[in-house]
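Commentary on secondary and tertiary structure
What follows is the residue order along each chain.
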Amino acid sequence: MKVFQLDKYSGLLKIKFNNLDRDDFQRTLLGIKRLDSRYFVSSTKTWFARNSRENVERLLSLGFAKQGDFSVDEGKKNKKGKIFKKIDRKAVDSRLFNYQIKGIEFIEGTDGNCIIADDMGVGKTAQAVSWLRIRKDVKKVIVVCPSFIRIKWQRELLEWGDISSAIFYKYKPQSNVIIISYDILYKHLQELLDEGFDCIIGDEVQYISNHKAKRTKAFISLARKIKYKVFLSGTPLRNRPRELYNVLSLIAPKIFFNRWHFLQRYCNPVLTRWGWKFDGASNIDELVDLVEPYILRRKKEDVLSEIPEKQKFIIPLDLDDKYISEYAYENEKIGEIIKSEKKIKKMEIKNKFEHLKEIAYMAKRKSMLEYIDSLIKQRDKIVIFAYHRHVIKDIFSYFRNVTVVVDGSVPMKQREQLLRIYNNDSNIKIFLGQILATGLGIDLTISSTVLFSELWWVPADMEQATDRCHRIGTKDNVQIYYLIAPGTVEDEMALALTEKFKLVKRILDKEEDISFFGEEDILDLLIKKRLKNV
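Now for a description of the structure that goes with this document. (Residues numbered from 1 in each chain as written. Predicted model: local features only at pLDDT ≥ 70, side-chain atom pairs only at ≥ 80, totals over all residues. Heavy atoms only, no water.)

**Topic: empty space enclosed by the protein**
Formally: Definitions used for this entry: grid spacing 1 Å over protein atoms alone; cavity, a set of points where a 1.4 Å probe fits but cannot get out; pocket, an open set with protein on both sides within 12 Å along at least 5 of 7 lines; lining residue, one with an atom within 4 Å of a point. Grid points are joined across faces, edges and corners, and a volume is the space filled by probe spheres set on the points. Think of it this way: any DSSP run of H or I at least four residues long counts as a helix, any run of E at least two long counts as a strand, and we number them from the N terminus. Amino acid classes used here: Ala, Val, Leu, Ile, Met, Phe, Trp, Tyr, Cys and Pro are nonpolar; Asp, Glu, Lys and Arg are charged; the rest, including Gly, are polar.
In this structure the tally under the stated criterion is three cavities of 30 Å³ or more. What the largest cavity holds in volume is close to 60 Å³. Lining the largest cavity, in full, are Arg 50, Ile 255, Phe 256, Phe 257, Asn 258, His 261, Phe 262, Tyr 266 and Leu 290. Residue contributions to the lining of the largest cavity peak at three residues, all from helix 10 (residues 259-266). For the lining of the largest cavity, the class distribution of residues is six nonpolar, two polar and one charged. By volume, the second largest cavity amounts to about 40 Å³.

Laid out in structure tokens, this is it:
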């Protein structure tokens, strides 16, 4: 028996033969091995090959019977480039930029199987969530992302799609939209396979570049069972083409269906005494043509005309469970003190809040370091501001080989030297500054990415620190990230700042001036909130 048919899932030719005499078996096997892009699955004793006219004709000449009616892929589909399918702009959030609308139209044009590879800060998450919002057929969704941005995803789903979701920690939540980290995906694979998701969103999808990793195997097993696959990454390809294969095999399985063929064709194979190495690149123009319809990438400089000179992002980080109960206890104590005192001693209360901020910092510390580590892989230079010495010490200890530090203890001459090193040494990625020590004379305009590892009581001081990177005449925009512990006093301070920014912008319609919003204003807001909870 010799038969072949079109495999409905992969779009490949599925080939089987058995009960042949020895000579016919050898002749058939030799002919199969001459098929273009063929491979063998030993568990089912089945061959697969590309659905091409040449392969079909060779199989027929070998005496195979064609089962089912299907057309031959003439190989023209992927030469047409990207497809953008128009959407109703009224169906998505009015705050979206034009290029983000274009991104949603790209996702729609690929029928929800693509990679959005825009630079960090360009707004990949908003595009993916907005696409979910317009797809009425998508009911059950799983978002897979690094653990430190799970809460951020939960908030973005609400903000851009009005979509409620639940985070998968130890037990599967009862929700149609689940957020889970790559690291625990493999532990719960079977129960997730049983869910019948309509769409999978993989954020920072470069996490599955290693095909041997447990998380990669679990992700691929899950994604193959899901119709829509929207992947996000600012760095889908860090070093070599082989890192792309796992993702491409999921969004375009008819083209990228054989890892060995991909490695041999596009990864400049070298046979050494220890085996094959695939660390290079080959036939790049051909590969670019093949991936063109499935990847959309816009660099920040491509969209500068649409985005504001300063962009501010609140990044809620995942928290360490062991600090949450301690925080709740201390927060309750502060509330009791505020409610019991007839005349509130603000400095004493401020010190109590400082203690709360310390616990909040410890709860977010691990996620914060992971976020910074992720960021320096996507940016040439970043600036990190902190206030407390122990926070500066923490960050420096973790990134000492790529960091210069300027705090109040560093003399002016040494500051100038450190600044020259930061500006001129490509190996130095981080300028780590104390908020109040980076005033006049510090020029950090080489970087357009600013992180605040903790929030300070005086917003104007943080704004002044930011201005070290943003000066009049700067061509690049500056993206400012506030890394906060959600559900804590940091969250309250961030919300107060956000509301104040909105108010000032509405009144003045110009660059935010927060000089009149100070330490006492923030402290009053924190106290009033606790008095309301009486």
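**Examining helix 11 (residues 284-291)**
Filter applied, for reference: Relative accessible area decides the class of each residue, using a 1.4 Å probe on protein chains only: under 20% of the type maximum gives buried, over 50% gives exposed, and in between gives partly exposed. Each direction from the helix axis to a C-beta atom contributes to the arc, which is the arc of those directions. In this analysis, two residues are considered to be in contact whenever any of their non-hydrogen atoms come within 4.5 Å of each other.
Burial in helix 11 covers these residues: Leu 287, Leu 290 and Val 291. Taken around the axis of helix 11, the buried residues stretch over an arc of 90°, which confines them to a single face. Those residues of helix 11 hidden inside the fold are in contact with helix 9 (245-251), helix 10 and strand 14 (295-296).

**Some remarks on the packing of helix 13 (residues 346-376) against helix 18 (residues 519-532)**
Selection rule: Axis angles are defined between N-to-C directions and span 0 to 180 degrees, where every axis is a line fitted to C-alpha atoms and, for a helix, only to the segment in contact. Note on terminology: angles under 35 degrees are roughly parallel, angles over 145 are roughly antiparallel, angles of 65 to 115 are roughly perpendicular, and the others are oblique.
Helix 18 packs onto helix 13 with a crossing angle of 80° between their chain directions and a minimal axis gap of 11 Å. It follows from the interaxial angle that helix 13 and helix 18 lie roughly perpendicular. Each of Lys 346, Ile 349, Lys 350, Phe 353 and Leu 356 in helix 13 lies in contact with helix 18, whose residues at this interface are Glu 519, Glu 520, Leu 523, Asp 524, Leu 526, Ile 527 and Arg 530.

**Quick notes on the pattern of salt bridges**
Our working definition: In the sections that follow, a salt bridge refers to a side-chain nitrogen of Lys or Arg positioned within 4 Å of a carboxyl oxygen of Asp or Glu.
What the rule picks out here adds up to 28 salt bridges. The partner of Lys 364 in a salt bridge is Glu 490, and the shortest N-O contact between them spans 3.0 Å. With Lys 364 in helix 13 and Glu 490 in helix 17 (residues 489-508), the pair connects residues that are 126 residues apart, well separated along the chain. Relative accessible area serves as the criterion here: at 0%, Lys 364 is assigned to the buried category. Taken together, the salt bridges that share partners define one network made up of Glu 108, Asp 111, Arg 135 and Asp 137.

**Overview of the packing of helix 10 against helix 11**
Viewed as axis vectors pointing N to C, helix 10 and helix 11 meet at an angle of 135°, and their least axial separation amounts to 10 Å. Between helix 10 and helix 11, the crossing angle belongs to the class labelled oblique. Of the residues in helix 11, those touching helix 10 at Phe 262, Arg 265 and Tyr 266 are Glu 286, Leu 287 and Leu 290. Here the residues of the contact of helix 10 with helix 11 sort into four nonpolar, no polar and two charged.

**What about the environment of Phe 396?**
Position of Phe 396 among the secondary structure elements: in helix 14 (residues 389-399). Distance from Phe 396 to Leu 432, taken between C-alpha atoms, is 7.7 Å for residues 36 residues apart in sequence. Leave out the neighbours within four places in its chain, and Phe 396 touches Thr 403, Val 405 and Leu 432.

**As for the nonpolar core**
We count it as follows: By nonpolar core is meant a set of buried Ala, Val, Leu, Ile, Met, Phe, Trp, Tyr and Cys residues that side-chain atoms within 4.5 Å join together.
With 58 residues, the main nonpolar core has Trp 153, Tyr 371 and Ile 372 as its most contacted residues. If you tally residues by element for this core, the top one is helix 13, at seven residues. Of all hydrophobic cores here, the second largest spans 45 residues; its members include Ile 359, Phe 431, Ile 442 and Phe 452.

On their own, these measurements won't tell you what the molecule is for.
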